[in-house]
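A look at the structure
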Amino acid sequence: MSTEIQEMPEQGEIVLATVTKVMDHGAYVTLDEYDDIQGFLHISEIAPGWIRSVNRFVKDGEKKVLLVKKVNAQRGDIDLSLKQVSKDQKKQKLKEVKKFEKGKTLLQNVQEKAKLTDEEIEKLEDSIYSKFDSVYDAFISIGRNGIESVKDLKIAKKTSTVIEDICSKIKLPSVEIRGIMEITSNKSDGVEIIKKTLLDIIKKDSTVDITYLGAPKYRLSITSEDFKSAEKLLKPIVEEIQTNIQKKKGTFSFTREDSKKTREN
């Protein structure tokens, strides 16, 4: 007789589940992250108001992000809710799952290329989780900062070489914030003043790109790993350009455009 205890989710936890059986009064699901143990989604927890047909909201085989309402470990009952999951919670959960799946794929690549045993790859995974929230986050960090940034994990040379090679091929997620500058100068050498001011900025910071759109407009874009750091870079750059142009009796204005986020591969 098996003495292994089935791990159960906690009340209030957000989980990913697969719908296995839809009925008039609700739906049975299996929890993807808990070895497919079964939970129940009652009709009253599917959507607000009166529901004529459960099938309108959940279908067999669908993946759903759910809230764990109640857990009875002794009976093995798990009551779930769909209507109590916010859009932000759903988005965050799906992002976490996506990261986890990417991490699994990356570890599989490492195992194949470094010819590691299951036990060795498990030890590597445990080591990574001692420092990072996910395997994917670890590989992105190595891609940005180099393998030396995780030397405290004491990864074997053969394995670290493989990881470094894999990380070098990952397209790092980034954000781009942009705006339109309108710059004029009525001086005889006004064009040269503007050109020199903008070139000096580009030379100082490789994250900055300036595109000529046709006088008097120029697009300023800054690429960084997240919006917070990009915004931090933007303000002093705009202020420097404005100050230098106005010192030379030119005019300057800046209008923000929509920001962009690259897709994470």
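Residues numbered from 1 in each chain as written. Predicted model: local features only at pLDDT ≥ 70, side-chain atom pairs only at ≥ 80, totals over all residues. Heavy atoms only, no water.

An unreviewed UniProt entry annotates the protein as Translation initiation factor 2 subunit alpha of Nitrosopumilus cobalaminigenes. Under the UniProt heading Function (unreviewed entry), the note attached to the protein is "eIF-2 functions in the early steps of protein synthesis by forming a ternary complex with GTP and initiator tRNA." (UniProt positions renumbered as here; feature names shortened; annotations may be inferred.)

Further remarks concern the pairing of strand S7 (residues 208-214). Where S7 lies against strand S8 (residues 217-224), six bridges are found, and the strand directions are antiparallel. Bridging from a neighbouring strand, Ile210 pairs with Leu220 of S8. Hairpin connection, S7 to S8: the antiparallel pair is bridged by two residues. (Pairing = 2+ DSSP bridges. Helix = DSSP H or I, 4+ residues; strand = E, 2+ residues; numbered from the N terminus.)

Bringing the sheet that holds strand S2 (residues 26-31) into the picture now. An order of S1-S2-S3-S5-S4 is seen for the five strands of this closed barrel, with the pairing classed as mixed. Across this sheet, the average inter-strand angle for adjacent strands is 50 degrees, counted without regard to direction. Looking at chain direction, strand S1 (residues 14-23) and S2 are connected through six bridges and run antiparallel. For Lys21, the partnering residue across the bridge sits in S2 and is Tyr28. Of the strands in this sheet, S1 and strand S4 (63-72) are in contact with helix H1 (residues 87-114), which crosses S1 at around 100 degrees. (Axes fitted to C-alpha atoms, helices over the stretch in contact; angles between N-to-C directions. Contact = heavy atoms within 4.5 Å.)

Time to look at the environment of Leu16. Secondary-structure assignment places Leu16 in strand S1. Between the C-alpha atom of Leu16 and that of Leu94, which follows or precedes it by 78 residues, the distance is 8.0 Å.

What follows concerns the pairing of S8. In the sheet, strand S6 (residues 175-184) pairs with S8 via eight bridges, with the strands oriented antiparallel. The residue bridging Ile180 from the neighbouring strand is Arg219, located in S8.

We now examine the pattern of salt bridges. Counted under the stated rule, the structure contains 16 salt bridges. Lys93 is the salt-bridge partner of Glu33, the closest N and O atoms lying 2.8 Å from each other. Taken as a pair, Glu33 in the loop between S2 and strand S3 (37-42) and Lys93 in helix H1 lie far apart in primary sequence, 60 residues in all. For Arg219, the salt bridge identified is with Glu257, shortest N-O distance 2.7 Å. Of this pair, Arg219 sits in strand S8 while Glu257 sits in the loop between strand S9 (251-256) and strand S10 (260-261), and the two are 38 residues apart along the sequence. (Salt bridge = Lys/Arg side-chain N within 4 Å of Asp/Glu carboxyl O.)

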